[in-house]
Amino acid sequence: TMVPEQIDRVEKMISNILGFVRSKKKTTGVTDISAILKEVVELMEVHARKAQVKIIYNPPPAPVSLQCDSDGLLQAFTNLALNGIQAMTSGGTLELSLAQTDGQITVSIRDTGSGISPENLSRIYSPFFTTKETGVGLGLSIVQRIVSEHHGEIKIESEVGKGTTFILSLATTPLV
């Protein structure tokens, strides 16, 4: 009787698809990016504990402010953090970091999980591509869209068996 779980899964898939298709009205304002990352850590705590994953986040001493869609960035960071936790099947460490240089904010999300094979690396942003048994493969497409809406880019460093780092560079130019 796995019906309730399957219903939950289908509902989640549909809401992911709708979230991908429907660009909601963005909530733009000046936000402290380290506050968003703290929220990600809080949201992920239960998942991390269950997966025996330690989360490390050392916020910078001063706020790192950006005019942004804070809900969108929260969704993007949470998505990457959750992927990282799910990639660590036998525990590990998820490390979030934040840095600001001239005109640019860099957020790194690093896991010590299974890593991404070179042949999958080129396909991970394709909508509906997934290596998970339960998933529709829209997570990274959504992340990529949110980051590009912030005039940003994503770099990935991954080594099979060692882990993956997502590096998001966000321009500090105001959102239009």
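Below, the structure is looked at part by part.

### Some words on unusual backbone geometry
Then, in step 1: In this model, Gln52 sits at a positive phi of 55°, which is unusual for a non-glycine residue.
Then, in step 2: Position of Gln52 relative to the elements: it lies in the loop between helix 2 (33-50) and strand 2 (53-57).
Then, in step 3: According to the relative accessible area criterion, Gln52 is exposed, its value standing at 64%.
Then, in step 4: Positive phi values are uncommon outside glycine, yet His151 reaches one of about 55°.

### What to know about the nonpolar core
Then, in step 1: Membership of the largest hydrophobic core comes to 38 residues, with the highest contact counts inside it found for Ile33, Leu73, Phe77 and Val107.
Then, in step 2: Among the elements of the structure, helix 2, strand 2, strand 3 (65-69), helix 3 (70-86), strand 4 (92-101), strand 5 (104-111), helix 5 (139-149) and strand 7 (163-171) are those that each provide at least two residues to this core.
Then, in step 3: In this structure Ile33 touches Val64, Leu66, Cys68, Leu73, Phe77, Leu98, Ile105 and Val107, once residues within four positions along its chain are discounted.

### Here's the deal with the side chain of Thr165
Then, in step 1: Of note, Thr165 is situated in strand 7.
Then, in step 2: The contact partners of Thr165, leaving out residues within four places of it in the chain, are Ser108, Ile109, Arg110, Lys155, Ile156 and Glu157.

Cut-offs and rules
- Residues numbered from 1 in each chain as written.
- Predicted model: local features only at pLDDT ≥ 70, side-chain atom pairs only at ≥ 80, totals over all residues.
- Heavy atoms only, no water.
- Helix = DSSP H or I, 4+ residues; strand = E, 2+ residues; numbered from the N terminus.
- Buried < 20%, exposed > 50% of the residue type's maximum accessible area, 1.4 Å probe, protein only.
- Core = buried A, V, L, I, M, F, W, Y, C linked by side-chain atoms within 4.5 Å.
- Contact = heavy atoms within 4.5 Å.

Functional significance is not addressed by these values, which are geometric in nature.
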